[in-house]
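The lines below spell out each chain.
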Amino acid sequence: AQSVTQLGSHVSVSEGALVLLRCNYSSSVPPYLFWYVQYPNQGLQLLLKYTSAATLVKGINGFEAEFKKSETSFHLTKPSAHMSDAAEYFCAVRNAGGTSYGKLTFGQGTILTVHP
Amino acid sequence: EAQVTQNPRYLITVTGKKLTVTCSQNMNHEYMSWYRQDPGLGLRQIYYSMNVEVTDKGDVPEGYKVSRKEKRNFPLILESPSPNQTSLYFCASSFDTNTEAFFGQGTRLTVV
């Protein structure tokens, strides 16, 4: 079964500092990987996705993520945090084959706090 | 505007009283699913549907039912809600099983 691990349930950074949210996955086949953001009282919004094209993926709001197959990682970064980035972030992997084809498996989520 | 619409957004009910949470998408997506979100557990899939009249269990299907009579609608049914079903529920849809999912705004359910 696939699994997704997000290291750190809470991350706190200063405004202007680097944001790094970690995600590791397990998958027996090449996966499709996603990062979603959830603002308070809202649904999930797609930040970026990896679908076996370029390993460095750029998303909205200045975020990017790099797929590293050897490390089974898909960490999310942003060079300079903004107050509006405060939210909960979810890494997800989608089955590309096998059983439960197409199912999204989510990590536990990381709450990002940005302080002035 | 492309969207997934859930209703209601908030619901408080009593144990055992049947309820339905509706979900509708206007993007002609084939794949739809329901998730529940609980603190520290992320989102877990309840049920999914590959197309009309095709549904299957996800990771946590106990106590839930779904139906897919039309492509755009995918209601979630709780025949006899219990307090452990208090949660935040999300409906999602995608064009197929390889593309990103679009999520509704969520339904916060409290069962007392």
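Details of the structure are given in the entry above.
Residues numbered from 1 in each chain as written. Chains lettered and ligands numbered in written order. Predicted model: local features only at pLDDT ≥ 70, side-chain atom pairs only at ≥ 80, totals over all residues. Heavy atoms only, no water.

(A) Structural detail: the sheet that holds strand β3 (residues 19–25) of chain B. Residue and element names in this part refer to chain B. Taken in spatial order, the four strands of this open sheet run β1-β3-β8-β7, and their pairing is antiparallel. Sheet topology places β1 (4–7) and β7 (65–66) at the edges, where each strand pairs with a single neighbour. Bridge count for β3 against strand β8 (residues 76–78) is three bridges, and the pairing is antiparallel. Bridge pairing in β8 links Leu-19 to Leu-78. (Pairing = 2+ DSSP bridges. Helix = DSSP H or I, 4+ residues; strand = E, 2+ residues; numbered from the N terminus.)

(B) Up close: the interface of chain B and chain A. Counting residues at the interface gives 25 residues for chain B, matched by 22 residues for chain A. Approximately 1,800 Å² of surface area, both sides summed, lies buried where chain B meets chain A, with 48% of it carried by carbon and sulfur atoms. Applying the counting criterion to the chain B and chain A interface returns one salt bridge. Where chain B meets chain A, there are six residue pairs in polar contact (both at pLDDT 80 or more). Elements that contribute at least two residues to the side of chain B that touches chain A include exactly β4 (31–38), β5 (42–51) and β9 (87–94) of chain B. Here the element with the most residues in the side of chain B that touches chain A is β5 of chain B; it accounts for five residues. Its residues assigned to classes, the side of chain B that touches chain A shows eleven nonpolar, ten polar and four charged. (Contact = heavy atoms within 4.5 Å. Buried area = accessible area lost by both parts, 1.4 Å probe. Salt bridge = Lys/Arg side-chain N within 4 Å of Asp/Glu carboxyl O. Polar contact = N/O pair within 3.5 Å; in protein donor to acceptor, adjacent residues only side chain to side chain. Nonpolar A, V, L, I, M, F, W, Y, C, P; charged D, E, K, R; others polar.)

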